[in-house]
Amino acid sequence: MSDRTKPTRKELDLGALQESLAGQDGSRLWRSLDELAESPEFHAMVQREFPEQASEWHDDVSRRRFLQVMSASLALGGLTACTRQPLERIVPYVKQPEEIVPGRPLFFATSRLLGGYATGVLAESHMGRPTKIEGSPEHPASLGATDVFAQAEILDLYDPDRMQTVTRDGRISTWDEFVAEMRRSISALSAGGGLPLRILTGTVTSPTLAALIGTLLEENPEARWHQWEPAGLHAAREGARLAFGEPLAVRYDLTRADVVLSLDADFLTQGPGAVRYARDFMDRRRVREGATRMNRLYALESTPTPTGTVADHRVPLSSAEIGHFALAVAAELGLRVGEAPTGGWTALARNVASDLAAHRGRSAVVAGDQTSPELYALSLAINEALGNLGGPVVVTDPVEAAPVDQAASIGELVADLDAGIVDTLLILGGNPVYDAPADLDFRVPMGKAPRRIYLGQHVNETAELCHWNLPEAHFLESWGDGRAYDGTISLMQPLIEPLYDGTSAAETVSALLTDGPKAGEELLRTHWESRLPAVGAEKAWRRLLHDGYFPESRATPREAALRTLAPVAEALRSRQAPTPTAPELLLRPDPTIWDGRFANNGWLQECPKPLTKLTWDNALMVGPGLAQRSGLVNGQMVKLQAGERSLEVPVWIHPGQAESSVTLHLGYGRRKAGRVGSGTGFNAYTLRTTDALWGVGGAALAPLPNVHRLASTQMHSNIAEQPWQGENLEGRTAERRHLVRVGTFEEFREDPGFAHHESHGADESLSLNPSWSYEGHRWGLSIDLTACTGCNACVVACQSENNIPVVGKDQVDKGREMHWIRIDRYYQGSLAAPAMYNQPVLCMHCEQAPCEVVCPVAATTHSDEGLNDMVYNRCVGTRYCSNNCPYKVRRFNFLKYNDTDTPVLDLMRNPDVTVRVRGVMEKCSYCVQRINGARIDARREDREIRDGEIVTACQQACPTEAISFGDLNDPEAEVTRRKAQPHDYGLLTELGTRPRTTYLAKVVNPNEALGAAAGHGGSEGGA
């Protein structure tokens, strides 16, 4: 499983690095341990003109593997015949022209489901084929934004590895044959009380599907419905049951919270409400000159998360210690939790409790979805004590159609299968053979069912063991519904006829009912016709499809009485804190491929993970202290022992990781995940059991002599924070570059221009480049570093919009990834508890662009609106422009990464953007195709382009509205107002480039009682 047999680089002395940091003023930023140590490898990388191996093509990459990763190509030809619109009536989000105009896309409101929960989206359709996903501006779960998974759904739709036909025992069959056999079986067994049927689904919030399953259970009394969602809200569901005696739903209104305490919760980027939570939280956080208030976030977490990067105080603790910390906070607030544990965080707990108490009714305590139910229940009790219930914290009836303890539910299914009392097993989506708890060994009892039916999009580990395999329609091919995180009823309408004659879960269940199979639209409309008016039902239905959701359908807040806290407190208190010699193992959903369902999505596989910047792999996250004691280096294989189970896995040294915790992400190690996802990473599910879904104590790490090659982009395109001048490394002199500028809220209020004090000014009059004047438009972009979480939605949105190809792990390892946006992550402070900052970097569209003057064929030019354009058919690939760009934002197509020969891939691509081939330079264009589209509309309507009419792909996807784009010649434009803020600054302006993309300096709001914020002149998370 490893690529090399022994380590090939010198082990870093992490202890010496920590000592060196202790003697500094805390202002230095660093991106990796190599940069911090000033290792020879780092200096060689910085001084190279081009990345290592930038000009070589090695023979270690087979032609077969190369074809596997090229945008999931090698699809079947002839699929273009399947791209007509469905026969049912669907309704566009905007007014549809009388005739479809080529080049003019339509937008349809629909909904996508992840983990069973719906999010409203708009799907862009060109000539009847979906090409892009955007957030629905009116849907309460998105407000126009999306997450990284929604942006990648287009690639899943056109995935050539999808299940393409109905099969029975491996032979091609038909839907009609399946229905006929099921009708015969039901009829034959009806005399005996019905079909001994078991249905297994994921979490279901769809009212239509739930009603159909309910009808099926009524018609077959021996049937049972089971649920298993591997990355579901287990802690939230069972925690609410512990707190209230029933599995109520909890949501947060962060617009009403002045102080937020996060208990191992990545609530800004993970979970059904993450997109909305990110918007609401940042609306209270972004600052402008004259601001008087800013919210505050305390984050206690075992593994660094995007939410932790925006915290004012972030403290790494093990999960057991986080529970002890919560007990201490509860005791300080007067809750009856018995004697509170103590630790190095005791003073922090006292100050946090005091801050929360000072904001009663205006605060929120958020427990993570992967914590223990006891911690989740305690967080609700703390919220009640603070008067937050009914305000920032809202309790409602369950959003799920049938909330159950899913670990117990799938355990009951396995027991019935093992006992041989199940005749037919119907699995609607999911992949339990791969992701069910390892102690259940789902594969073996499943094989005892005489008839096994699987509905899914891929022939995966579960499908290969089933008699009937039914292609599942993608959500862009389906009619359906679901509920959002707040209960809002959301509708799905198809934009394209199923490419592979797929069916939905609702249509599959309807085939087993007495009244026979029905089409998806009929099922959906029949279920909701009672909510349509008696007069004008057709018009009302069309309006619902236009909007994509039922207005005023969110779950109503309700009162709930808390149970006694004694059992919860005792359970948390009894958990012993792990030690570095016997750390706890934490299992978490992967930030890019989630629970493994996106393993065959090349965009998500190659998207650098937040913080670690790993691609195409998972690794065991270990803290620097644990790595130093064990003599570990990045990529070194270890034998991870968790209870009676073990797994060989590589390690990754992660600054900010709790020293007594190690973390492994789920979703990798797939055996049947298509040509892209099979064989990547390591299967963490083999360590997961029903009684320890998210972690197990007493893990052991045994170092192995071999090293696994991990492809991380964290040092690619590096703008060194502290570059060294001269060839003699021993006699070098330092020149500090202030790339990420950070100040406290109090500093900002006293001096809003704090971000400019340490910058190096440039005398623009000395430039030899020509000056430009703009009579029309002058485009520019601003990024608010305070609001950026580093969630990667902008990265994949740019990839989808601009037809950016996937290059594969081997090419990423050579530094050849093609993303036009990268998110640099910087550390500041100690190795154990550094502050972490995100900085999106894209083409700066410099006013005095260094790339333009060195191109020998004028392929990179300056437009009359200030854009730095690329003329692809002029580019001859000298790469002089890339060498001369101080921001390292240009990408070169070394190989023919884009498959231009496979017809199905043409359906996926944006027709407004050129598909580049080998040998040309690429970079951000400020979505010039969108600029031109708005220009055409304005000219046709004889008006000026309005502010906000042009929205770049990255800006549109961003959940926190960190990005703003517009005309700098318009004094009323939002981007102009942002750039007028005193804490706006440009990157490397000391070089005289005059970048059009600028940043609003990051502002943090630390608690003065705790000293400086983490990494901002302080240490150990401000504790």
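The structure reproduced in this document is the subject of the present report. This is a predicted model, so every value here is computed, not measured.

### Regarding the overall build of the protein
Alright, step 1. Secondary structure assignment for the protein yields 32 helices and 41 strands.
Alright, step 2. Counting only residues that meet the buried cut, the protein has 63% of its 1023 residues in that class.

### A closer look at the pattern of salt bridges
Alright, step 1. Applying the stated rule across the entire model yields 54 salt bridges.
Alright, step 2. In this structure, E538 and R525 form a salt bridge, with 2.9 Å as the shortest nitrogen-oxygen distance. Of this pair, E538 sits in helix 20 (residues 537-547) while R525 sits in helix 19 (residues 520-528); the two residues are 13 residues apart in sequence, bridging distant segments of the chain.
Alright, step 3. The shortest N-O distance in the salt bridge between E974 and R978 comes to 3.2 Å. Taken together, the positions of E974 and R978, both in helix 32 (residues 974-979) and 4 residues apart, correspond to about one turn of that helix.

### A few points about the pairing of strand 31 (residues 779-784)
Alright, step 1. In terms of burial, strand 31 is largely enclosed, as 6 of its 6 residues are buried.
Alright, step 2. Because side chains alternate across strand 31, one face comprises the buried residues W779, L781 and I783, and the other comprises G780, S782 and D784, equally buried.
Alright, step 3. Summarising the sheet, strand 31 and strand 40 (residues 997-1000) pair through 4 bridges and their orientation is parallel. Bridge assignment links I783 to a residue of strand 40, and that residue is Y999.

### A word on the state of the cysteines
Alright, step 1. For the structure shown, the criterion picks out 0 disulfides.
Alright, step 2. The structure places no disulfide on C855, whose sulfur is separated from the nearest cysteine sulfur, that of C881, by 6.3 Å.
Alright, step 3. In this structure C924 is not part of a disulfide, and its nearest cysteine sulfur, from C843, lies 5.7 Å away.
Alright, step 4. Given the relative accessible area of 7%, C924 is considered buried.

### Looking at the sheet that holds strand 1 (residues 106-114)
Alright, step 1. Here we have 3 strands laid out as an open sheet, ordered 1-2-3, and antiparallel in their pairing. Each end of this open sheet is capped by a strand with a single partner; those strands are strand 1 and strand 3 (129-135). With strand direction ignored, the average angle separating the axes of adjacent strands in the sheet is 40 degrees.
Alright, step 2. As paired strands, strand 1 and strand 2 (residues 117-126) are joined by 9 bridges and run antiparallel to one another. Residue F108 lies in a different strand from strand 2, and its bridge partner there is A123.

### Topic: the nonpolar core
Within soluble globular proteins, side chains that are nonpolar tend to cluster in buried spots.
Alright, step 1. Counting 155 residues, the largest nonpolar core has Y158, F442, L585, L620 and L664 as its most contacted members.
Alright, step 2. When residues in this core are grouped by element, the largest group, 5 residues, is from helix 15 (residues 406-419).
Alright, step 3. Not counting chain neighbours up to four residues away, the residues in contact with F442 comprise L200, I410, L413, V414, L417, P432, V433 and A436.
Alright, step 4. With 73 residues, the next largest nonpolar core counts L233, L248, W345 and A381 among its residues.

### Observations concerning the environment of A793
Alright, step 1. Counting through the fold element by element, A793 comes out in helix 26 (residues 793-801).
Alright, step 2. Judged by its relative accessible area of 0%, A793 is buried.
Alright, step 3. Here the alpha-carbon distance between A793 and C607, two residues 186 residues apart in the chain, equals 9.8 Å.

### A short note on the pairing of strand 16 (residues 468-471)
Alright, step 1. Residues W468 and L470 line one face of strand 16 and the alternating positions N469 and P471 line the opposite face, and both faces are buried.
Alright, step 2. Across 2 bridges, strand 4 (residues 167-168) lies against strand 16 in antiparallel orientation. When the bridges of strand 16 are listed, R168 appears paired with W468.
Alright, step 3. Pairing between strand 15 (residues 451-456) and strand 16: 4 bridges, direction parallel. Directly across from L455, in strand 16, lies its bridge partner L470.

About the criteria used
- Residues numbered from 1 in each chain as written.
- Predicted model: local features only at pLDDT ≥ 70, side-chain atom pairs only at ≥ 80, totals over all residues.
- Heavy atoms only, no water.
- Helix = DSSP H or I, 4+ residues; strand = E, 2+ residues; numbered from the N terminus.
- Buried < 20%, exposed > 50% of the residue type's maximum accessible area, 1.4 Å probe, protein only.
- Salt bridge = Lys/Arg side-chain N within 4 Å of Asp/Glu carboxyl O.
- Pairing = 2+ DSSP bridges.
- Disulfide = S-S within 2.5 Å.
- Axes fitted to C-alpha atoms, helices over the stretch in contact; angles between N-to-C directions.
- Core = buried A, V, L, I, M, F, W, Y, C linked by side-chain atoms within 4.5 Å.
- Contact = heavy atoms within 4.5 Å.

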